[in-house]
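Chain by chain, the residues run as shown.
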Amino acid sequence: MDHRRPRDRRAGRRIHWRNHRRQSQPHALRKRWPAVTTTHAGTHQRTQSPAHKPTPTLASARTHLDPRTTLLAVFLINATALSYGHLPTLVLCIAFTAFALATITPRYGLFALTTFSFFYLGYWALLHLPPSQLFAFTAAMFLWFARFTISMSIGAFALLTLTPSTLNSALRRMRLPAWATIPPVVFLRVLPIIATEARAIRDAMCLRGLQPGLLRWVTRPAHSSAMLIIPLLAAVVRAGDELASSALIRGLGGPAHPSTAVPLSFKLSDAASLLALLLILLSVCVPMGVWH
């Protein structure tokens, strides 16, 4: 005799009918109907079919490069792109950064490459116009915007791939002191909190009918800034206290070396990145006349 409640009996009949229907369907249609089982408590549990595979996430992309290789790439590309003006060096830098961003999401790399091409082609076009102070000033701005595109692209790659745990572990393995390891880790942890709190404040402003759009920022910049910055500062201060407590519990700054679930080792991708960075450095040493 079935002593279950009527609701559980009805649920059991539905599950039995669904499984029977799934077994009677062709194999091509079974992928859309996963099997359902009932536990002893009457709850439903879906069993994944063999064809179901988890979709790759950003966490899988974060294991491409060692954090120390990423930091070296950020330092070298910023130093060369913002200080050296030869076109081959800039092309190599944007090619490296665009490919690195494309390993995360292809549209990121395409966006960086398109932005750099727009600014540098604009700079090249302005140089061929009649001499003018306005054209010269605009051409210089376009050139620096192209350089900043490279710098911001490699910085975005570092922010998207580095995590506080892997960065802290990598910096501690480099035998760096605590004053050099803790600030980057805290900065990397605070950035997502600031972005989340800013979005929440913007949603609250929209619910109250304040319309935090571009027109309001132009017409009333002081009032709009106060409505956003004051609650954002308060939220960041509260989050800072929670982060400090979490850091003390995790032993941040202690003598023990932290561990991470992601293996930190020199891989083939790191070797290819180092070769690309060496090629960028060699392009700096080559005289400009050789390229011409």
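Just so it is clear, the model here is predicted, and its values are computed rather than measured. (Residues numbered from 1 in each chain as written. Predicted model: local features only at pLDDT ≥ 70, side-chain atom pairs only at ≥ 80, totals over all residues. Heavy atoms only, no water.)

Undergrad: Give a detailed account of the UniProt feature "transmembrane region" (unreviewed entry) in the chain, specifying residues and quantitative values.
TA: If you check UniProt for "transmembrane region" (unreviewed entry), the listed places come out as residues 71-102, 108-127, 134-158, 178-196 and 271-291 in our numbering. As annotated, residues 134-158 has a helix share of 100% and a strand share of 0%, and its two end C-alpha atoms lie 36 Å apart. (UniProt positions renumbered as here; feature names shortened; annotations may be inferred. Helix = DSSP H or I, 4+ residues; strand = E, 2+ residues; numbered from the N terminus.)

Undergrad: Lay out the pattern of salt bridges in plain terms, naming residues and giving numbers.
TA: The tally for this structure, following the rule as stated, stands at two salt bridges. A salt bridge links Asp 66 to Arg 68; the nearest nitrogen and oxygen atoms lie 2.7 Å apart. Overall, Asp 66 belongs to the buried group, its relative accessible area being 4%. Given the relative accessible area of 28%, Arg 68 is considered partly exposed. Notably, a salt bridge pairs Asp 270 with Lys 267, separated by 3.7 Å at the nearest N-O pair. Residue Asp 270 is classed as buried on the basis of its relative accessible area of 0%. (Salt bridge = Lys/Arg side-chain N within 4 Å of Asp/Glu carboxyl O. Buried < 20%, exposed > 50% of the residue type's maximum accessible area, 1.4 Å probe, protein only.)

Undergrad: I'd like a description of the environment of Leu 90, backed by residues and values.
TA: Position of Leu 90 among the secondary structure elements: in helix 4 (residues 87-102). A residue is classified by how much of its surface remains accessible, and Leu 90, at 0% relative accessible area, is buried. Sequence separation of Leu 90 and Thr 80 is ten residues, and the distance between their C-alpha atoms is 8.1 Å.

Undergrad: Run through the nonpolar core, naming residues and quoting values.
TA: One finds Ile 77, Phe 96, Phe 116, Tyr 120, Ile 150, Phe 157 and Leu 277 to be the most contacted residues of the largest nonpolar core, which totals 27 residues. Of all the secondary structure elements, the ones that give two or more residues to this core are helix 3 (67-81), helix 4, helix 5 (106-127), helix 6 (133-161) and helix 11 (268-285). The biggest single contributor to this core is helix 6, with seven residues. Look past the residues within four positions of Tyr 120 in its chain and what remains in contact with it is Leu 87, Leu 90, Leu 143 and Ala 146. Within the second largest apolar cluster, six residues are counted, among which are Leu 162, Leu 167, Leu 171 and Val 185. (Core = buried A, V, L, I, M, F, W, Y, C linked by side-chain atoms within 4.5 Å. Contact = heavy atoms within 4.5 Å.)

Undergrad: Can you break down a nonpolar patch on the surface residue by residue, with the values?
TA: On the surface, Phe 137, Met 141, Trp 144, Phe 145, Phe 148 and Met 152 cluster together to form a nonpolar patch covering roughly 630 Å² of accessible area. One can find Met 152 in helix 6. For Met 152, a relative accessible area of 61% puts it in the exposed group. (Patch = residues over 30% accessible without salt bridge, like charges linked within 9 Å, V, L, I, M, F, W, Y side chains within 5 Å. Areas by Shrake-Rupley, 256 points an atom, 1.4 Å probe, with all protein chains shown as cover.)

Undergrad: How would you explain helix 3 if you had to name every residue and give the values?
TA: For helix 3, built from 15 residues, the straight-helix expectation of 21 Å at 1.5 Å per residue is met to within 8% by its first-to-last C-alpha distance of 21 Å. The set of residues buried in helix 3 consists of Pro 67, Thr 69, Thr 70, Ala 73, Leu 76, Ile 77, Asn 78, Thr 80 and Ala 81. Taken together, the buried residues of helix 3 touch helix 4, helix 6, helix 7 (164-173) and helix 11. (Expected span 1.5 Å × (residues − 1).)

Undergrad: Before we move on, can you summarise the side chain of Ser 151 with the specific residues and values?
TA: Within the fold, Ser 151 resides in helix 6. Ser 151 gets classed as buried once you look at its relative accessible area, which sits at 17%. Of the polar contacts made by the side chain of Ser 151, one reaches the side chain of Asn 78; its length is 2.3 Å. Excluding anything up to four places from it in sequence, Ser 151 contacts Asn 78 and Leu 82. (Polar contact = N/O pair within 3.5 Å; in protein donor to acceptor, adjacent residues only side chain to side chain.)

Undergrad: Could you give an account of the packing of helix 4 against helix 5, with specific residues and numbers?
TA: Here helix 4 crosses helix 5 at 155°, and the two axes come no closer than 6 Å. Looking at the two axes, helix 4 sits roughly antiparallel to helix 5. Of the residues in helix 5, those touching helix 4 at Leu 87, Leu 90, Ile 94, Ala 98, Leu 101 and Ala 102 are Pro 106, Tyr 108, Gly 109, Ala 112, Leu 113, Phe 116 and Tyr 120. In terms of residue class, the contact of helix 4 with helix 5 is built from twelve nonpolar, one polar and no charged. (Axes fitted to C-alpha atoms, helices over the stretch in contact; angles between N-to-C directions. Parallel < 35°, antiparallel > 145°, perpendicular 65-115°, else oblique. Nonpolar A, V, L, I, M, F, W, Y, C, P; charged D, E, K, R; others polar.)

Undergrad: Lay out the packing of aromatic side chains in plain terms, naming residues and giving numbers.
TA: In total, this model carries seven aromatic pairs according to the counting rule given. With centroids separated by 5.3 Å and ring planes inclined at 65°, the aromatic side chains of Phe 118 and Phe 119 adopt a geometry described as edge-to-face. Look at Phe 118 and you get exposed, because its relative accessible area is 53%. On the accessibility criterion, Phe 119 (18% relative accessible area) is buried. Taking 6.0 Å as the distance between ring centres and 35° as the angle between the ring planes, the aromatic pair formed by Trp 144 and Phe 148 counts as tilted. (Phe/Tyr/Trp six-rings, centres within 6.5 Å; stacked < 30°, edge-to-face > 60°.)

Undergrad: Residues and numbers for the confidence of the model for the chain, please.
TA: Put simply, the chain has an average pLDDT of 76, and 71% of its residues get 70 or more. By mean pLDDT, the top-scoring element of the chain is helix 5 (94), and the lowest-scoring one is helix 2 (residues 58-61) (42). Contacts from residues 25-63, a stretch scored under 50 in pLDDT, to residues over four places away or in other chains number 44 contacts. (pLDDT = per-residue confidence, 0-100.)

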